[in-house]
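Now for the letters of each chain:
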2 protein chains.
Amino acid sequence: MTIDQYLPPKRTIMTPGPVEADPRVLRAMSSPILGQFDPAFTSMMNEVMESLRKVFRTNNHWAFPIDGTSRSGLEAVLCSIIQPGDKVFIPIFGRFGQLLTEIAERYGAEIHTLECEWGQVFDPQDVINEIENVKPKIVAAVHGETSTGCMQPLKEIGKACRNMNILFVVDAVATIGGTEVNVDEWFIDAAIGGTQKCLSVPSGMAPITYNERIEEVVNARKKVERGIATSDDNKTKGNQPPITSNYFDLSQLQDYWSPRRLNHHTEATSMLYALHEGIRIVLEEGLEYRFYRHQQHEQALKTGVESMGLAIYVNHQWKLPVVTCVEIPEGINADGVRQMMLNQFGVEIASSFGPLHGKIWRIGTMGYSCRKENVLFVLTALEASLSYYGADIKKGRAMQAALTFYTSEETAKERG
Amino acid sequence: MTIDQYLPPKRTIMTPGPVEADPRVLRAMSSPILGQFDPAFTSMMNEVMESLRKVFRTNNHWAFPIDGTSRSGLEAVLCSIIQPGDKVFIPIFGRFGQLLTEIAERYGAEIHTLECEWGQVFDPQDVINEIENVKPKIVAAVHGETSTGCMQPLKEIGKACRNMNILFVVDAVATIGGTEVNVDEWFIDAAIGGTQKCLSVPSGMAPITYNERIEEVVNARKKVERGIATSDDNKTKGNQPPITSNYFDLSQLQDYWSPRRLNHHTEATSMLYALHEGIRIVLEEGLEYRFYRHQQHEQALKTGVESMGLAIYVNHQWKLPVVTCVEIPEGINADGVRQMMLNQFGVEIASSFGPLHGKIWRIGTMGYSCRKENVLFVLTALEASLSYYGADIKKGRAMQAALTFYTSEETAKERG
């Protein structure tokens, strides 16, 4: 049996992830392999830690990737701190809040939730009141909900958790590198980022960071593997039951990501090259400018969409700036439109989950995909495909609105 | 803060992994990203499944990668079938047998082991006798132990397990693509392969395969996530407790790797390109020829090492053909030699674990690293570095022995 070499088509990816990887990231991945204990490799591992701290805006010592997709980072943090019976409180405002409950409950947590209508976020005080009632060990919350296009304000919740000595874990998968994620300022004890969204690195790694409050819980469960443990390791074994997952055991990963370099997994060489290059590019662009750039293209996209006469599903103060949800006009073949965009234009946008499936499309403006030509092209493809399917939209306006936005921004900048 | 672009040095990697990736694999990784539900991507996912079956020599329906390093594959299989209190029997002949106990016991297994001296393998009948005593639910065994350079014969054990209706799980991380791994013929119920060894794909994915016997156990624990479950899913929920890990839940991964494409993780796009290309190359070369090629270079390496007057640590019938362990001459600075090889020649070989640390070096001949020039170069670097450190070896013979081996093989082939 022989199969052909695979040559993927070139797409314009305007979903909430995975999005287009920066070409420099793709190039970095074609570098030759290094051994995991080669000093040329371990020094690069240290650079990844150092630059991840900047991206998370933290002074935490621990900042490294889990070798898996984003949810592997969520699971690594949660399973390393949850013991059976621990109370975990999760405010849910979309599908990824539900995912946090799924992960936590499997590791034996006693789950408490607060839900709000999809498309809304919580008043932080409502969350804090409920936390005071429940008195959990851990609060786990999503920052940017790509399923609804909302972003939860976190600082007040973080501060309240710190005051109550509760661990605050944040899913920043969708927001890291695209909008502010201020780990230390917001009193976040552990944060999990995603690579394939605003960092524009392929899926397959989950950068995390956490502070001494988390480390203390993790160290109490430390156990070094048979076959590599020394007699010293047996003496310093934690007094709590070990973490159930071996792969996600942060106490072992700490030994791997520290000068001891104690063998655990074999670090995913090429993916780490990609992450190194991806965060290098983020820092080169500068976080503030990068957030500004994301906002600009979001504005251009929104202007174009609204000029067609379409409604933006979430358009309040807490709209997630990197995802724009568009209400599907009534009676329109939503999948037909998306398929036409993909098959004729090579442009991908996303449908949605659960109660929002068939009600909204989700358009991402993330990382390297968040560029002028991509915004103009997704508007073109959307308008043309909607027209083809007979939608009653205002034709010919979206492109002019977006162009006017871009050119006036550029004029202002030139004058500025 | 800005950091520089990372440019890894070019190494000759002769360790038991990670080894050099095939340049075509590195190139495949620089292809542009596709969305995970793009038909151009999902059709490639199906090709990966189809070609993995060939590599594992199985008719199993399920054959797909776990998005993580090799041990993520071990954990995915074990945690999906082990329930607390289940008896798991593990014959241990090196560090990676111990790893299987580490993973299984964390998920609550009652562990039973049989150990033999490092550097030896088991007489299958001894293992079978012990299995008959223990009557476990699962037998988990390593095929190729890179820590000792041994390979355990598995077929008789597999047959006995099948007769006793015991699940037989095999760690084929080190052997897949380099020497025979006959999943169906050896009655293996689940096998886990590694990418970064004989497949010459970077670390970061773990291809697995399993049959209906495993699937039945997995399906009994099936639970579809809130936020994406339909009312039908709630009806067909398994009657056993769900799998503790969400990320490694094979029942969810099945839904993702089936036409339903139910959202779980975001498939690691570039790594899957790499795996697709890596197994394409394996099938293009042909498994039989590939195994032969691995044996040839192993012979050349052994001939060279022995010509220097060094002893091969494991040289019996069950030597692992893709790893050659060399005894470190007494009184020699073992780390100094390895460092000189790396720093002066850019050639990497490995030390070892536990009782063998400081006693042996391990030299891999795996995948793309298993080439004539690499074997000649590792012999050169080893001889020169040993000489530099004052070892009493026979100089100038290794290269001639290896050259004689290669040229006589070539002459025989031409005549052939």
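Parameters and conventions
Residues numbered from 1 in each chain as written. Chains lettered and ligands numbered in written order. Predicted model: local features only at pLDDT ≥ 70, side-chain atom pairs only at ≥ 80, totals over all residues. Heavy atoms only, no water. UniProt positions renumbered as here; feature names shortened; annotations may be inferred. Pairing = 2+ DSSP bridges. Helix = DSSP H or I, 4+ residues; strand = E, 2+ residues; numbered from the N terminus. Axes fitted to C-alpha atoms, helices over the stretch in contact; angles between N-to-C directions. Contact = heavy atoms within 4.5 Å. Least-squares fit on C-alpha atoms with pLDDT ≥ 70 in both. Parallel < 35°, antiparallel > 145°, perpendicular 65-115°, else oblique. Left-handed = near helix turned anticlockwise from the far one by under 90°. Nonpolar A, V, L, I, M, F, W, Y, C, P; charged D, E, K, R; others polar. Phe/Tyr/Trp six-rings, centres within 6.5 Å; stacked < 30°, edge-to-face > 60°. Buried < 20%, exposed > 50% of the residue type's maximum accessible area, 1.4 Å probe, protein only. Salt bridge = Lys/Arg side-chain N within 4 Å of Asp/Glu carboxyl O.

An unreviewed UniProt entry annotates chain A as Alanine--glyoxylate aminotransferase family protein originating from Salibacterium salarium. The heading Cofactor (unreviewed entry) in the UniProt record of chain A holds the text "pyridoxal 5'-phosphate".

Novice: I'm lost on the sheet that holds strand β3 (residues 87-92) of chain A in this one. Help?
Specialist: Sheet strands pair by backbone hydrogen bonding; their relative direction is either parallel or antiparallel. Residue and element names in this part refer to chain A. Here we have 7 strands laid out as an open sheet, ordered β2-β10-β9-β8-β5-β3-β4, and mixed in their pairing. Either end of the sheet is taken by a strand with one partner, and the two such strands are β2 (62-66) and β4 (110-115). Between one strand axis and the next, the sheet turns through 20 degrees on average, direction left out of account. Alignment of strand β8 (residues 167-172) against strand β9 (residues 190-193), held across 4 bridges, turns out to be parallel. In the sheet register, Ala172 faces β9, and the bridge partner there is Gly193. Here helix α7 (residues 212-219) sits on the sheet and contacts β2, β8, β9 and β10 (206-210); the angle it forms with β8, its principal contact strand, is near 105 degrees.

Novice: What exactly am I supposed to notice about the relation of the copies chain B and chain A here?
Specialist: Turning one copy of the chain about an axis and sliding it along that axis gives the other copy, so a rotation and a shift relate them. Once turned by 180 degrees and shifted 0.0 Å along the axis, chain B lies on chain A with an RMSD of 0.0 Å. One copy is carried onto the other by what is essentially a two-fold rotation axis. Rotation axis and chain B: the residue whose C-alpha lies nearest the axis is Gly68 of chain B, separated from it by 2.4 Å. The residues that chain B uses at the interface reappear at the interface of chain A in 100% of cases, marking a shared surface.

Novice: So what exactly am I meant to see when it comes to the packing of helix α5 (residues 124-134) of chain A against helix α6 (residues 155-163) of chain A here?
Specialist: In a pair of packed helices, the angle between the axes and the distance between the axes together describe the arrangement. Residues and elements named next belong to chain A. Where α5 meets α6, the axes come as close as 9 Å, and the angle between the chain directions of the two elements is 20 degrees. The angle between α5 and α6 falls in the class roughly parallel. For the crossing formed where α5 meets α6, the hand is right-handed. Note on element contacts: α6 touches α5 through Glu156, Ile157, Ala160 and Cys161, opposite Pro124, Val127, Ile128 and Ile131. Of the residues that constitute the contact of α5 with α6, the class distribution is 7 nonpolar, no polar and 1 charged.

Novice: Please explain the packing of aromatic side chains as it appears in this structure.
Specialist: Working definition: an aromatic ring pair is given by the centre-to-centre distance plus the angle between the planes. In total, this model carries 33 aromatic pairs over all chains according to the counting rule given. Ring geometry for Phe37 of chain B and Tyr256 of chain B: centres 6.4 Å apart, planes at 65 degrees, overall edge-to-face. Separated by 219 residues along the polypeptide, Phe37 of chain B in the loop between α1 (23-29) and α2 (39-56) and Tyr256 of chain B in helix α9 (residues 250-256) bring together distant segments of the chain. When its relative accessible area of 37% is taken as the criterion, Phe37 of chain B is described as partly exposed. On the basis of relative accessible area, Tyr256 of chain B is assigned to the buried category, the value being 1%. Relative to Phe64 of chain B, the ring of Trp62 of chain B lies with its centre 6.1 Å away and its plane at 85 degrees, an arrangement referred to as edge-to-face. By relative accessible area, Phe64 of chain B is classed as buried at 0%. Taken together, the ring pairs connect Phe37, Trp62, Phe64, Tyr210, Tyr256 and Trp257 of chain A into an aromatic cluster.

Novice: For this particular structure, what's the right way to read the pattern of salt bridges?
Specialist: Close approach of charged atoms allows side chains of opposite charge to pair. This model, assessed by the stated rule, comprises 54 salt bridges over all chains. Arg293 of chain A is paired through a salt bridge with Glu285 of chain A; the nearest N and O atoms lie 2.6 Å apart. The exposure class of Arg293 of chain A is buried, given its relative accessible area of 15%. Residue Glu285 of chain A is classed as partly exposed on the basis of its relative accessible area, which comes to 23%. A salt bridge links Arg290 of chain B to Glu285 of chain B; the nearest nitrogen and oxygen atoms lie 2.9 Å apart. The structure contains a network of salt bridges with shared partners spanning Asp22, Arg24, Glu277, Arg280 and Glu284 of chain A.

Novice: Just to check I follow, could you spell out the sheet that holds strand β5 (residues 138-142) of chain B for this structure?
Specialist: Residues and elements named next belong to chain B. Spatial strand order, β2-β10-β9-β8-β5-β3-β4: 7 strands in an open sheet with mixed pairing. With partners counted over all chains shown, the strands left at the sheet margins are β2 (62-66) and β4 (110-115), one partner each. The sheet shows a mean angle of 20 degrees between the axes of neighbouring strands, taken without regard to direction.

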